[in-house]
Structures are given as structure tokens and as C-alpha cells.
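What follows is each chain in one-letter form.
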Amino acid sequence: MIDQVPPAHLQAWFDQAPDAPAVVLDVREPWELQTASVKPDAGFTVVAVPMNEIPARLAELAPAQRIACLCHHGARSQRVAAFLAHNGYEQVANISGGIDAWSQQRDPSVPRY
């Protein structure tokens, strides 16, 4: 089962494993990143890999990381989270509502599209 974490509760999800590096994996396309992006903060880093490139770039993600997947509304990131879990990544979540919810719940300076 993939955890569904709203943006407002993401830090609490990361804090459940304080020794694991926290990563927001943005799986949107480059044009989407130019339109609206999450800013890394002291609690996590951001890694951007479009969904269709995940299989070829899997080695860029360490299984020990705590990875929260992000897309526009949560469907693509859910599929990526399931793929990661199937490939041995145990600390994976889907950011429910995607960057759209991020803008509403966490950072209103992030444009909605």
C-alpha cells in the first residue's frame, strides 16, 4: 500500500524516518516544471525526473531515501510510487493532489495550472 500524503502533512511523513534522506520526486514534464515548481527546503531535496524516464534513471534514486512522488494532480506520481515500491523502494509515498494541492495547502506562491 502506497501512503497518500497531502502536501500539508508531508513534513510529518518525512519525520517518521528522520535518519532517511527526504526527497520530493517530481515526475512532471519539463514544461510543467517551468510553469510551477516546488522549492526545496531544509526538510527535503527535490529531484525532477519525468515519469517516462524513471525506469532508465532508477539508479539515481537510493532505496534508503524516503521518496514522496509529485505530479500535477497525483495520478502519474501514484503510478511512479507503485513502480518504485515494486522495485524494492520501501519508503515511498504519493503526494495526494499533486502540485495543485501543494499550491493550495503549502505554498500559495506556486502557480496553479
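Preceding this section is the structure that the text describes.
Residues numbered from 1 in each chain as written. Predicted model: local features only at pLDDT ≥ 70, side-chain atom pairs only at ≥ 80, totals over all residues. Heavy atoms only, no water.

### A look at the pairing of strand 5 (residues 92-95)
Piece 1. Judged by which residues are buried, strand 5 turns out to be covered on both faces: Val92 and Asn94 on one side and Ala93 and Ile95 on the other are all buried.
Piece 2. In terms of strand pairing, strand 1 (residues 3-5) meets strand 5 through 3 bridges, oriented parallel. Note on strand 5: the bridge partner recorded for Gln4 is Asn94.
Piece 3. Between strand 4 (residues 66-70) and its parallel partner strand 5, the chain crosses via helix 4 (residues 75-86), and the hand of that crossover is right-handed. (Buried < 20%, exposed > 50% of the residue type's maximum accessible area, 1.4 Å probe, protein only. Helix = DSSP H or I, 4+ residues; strand = E, 2+ residues; numbered from the N terminus. Pairing = 2+ DSSP bridges. Right-handed = clockwise from strand over helix to strand, strands pointing away.)

### Quick notes on the environment of Ala20
Piece 1. In this fold, Ala20 is placed in the loop between helix 1 (10-15) and strand 2 (22-26).
Piece 2. Excluding residues that lie within four positions of it along the chain, Ala20 makes contacts with Ala64, Arg66 and Gln91. (Contact = heavy atoms within 4.5 Å.)

### Structural notes on the state of the cysteines
Piece 1. Under the defined criterion, the tally for this structure stands at 0 disulfides.
Piece 2. No disulfide involves Cys69; its sulfur sits 9.1 Å from the nearest other cysteine sulfur, which is in Cys71.
Piece 3. By relative accessible area, Cys69 is classed as buried at 0%. (Disulfide = S-S within 2.5 Å.)

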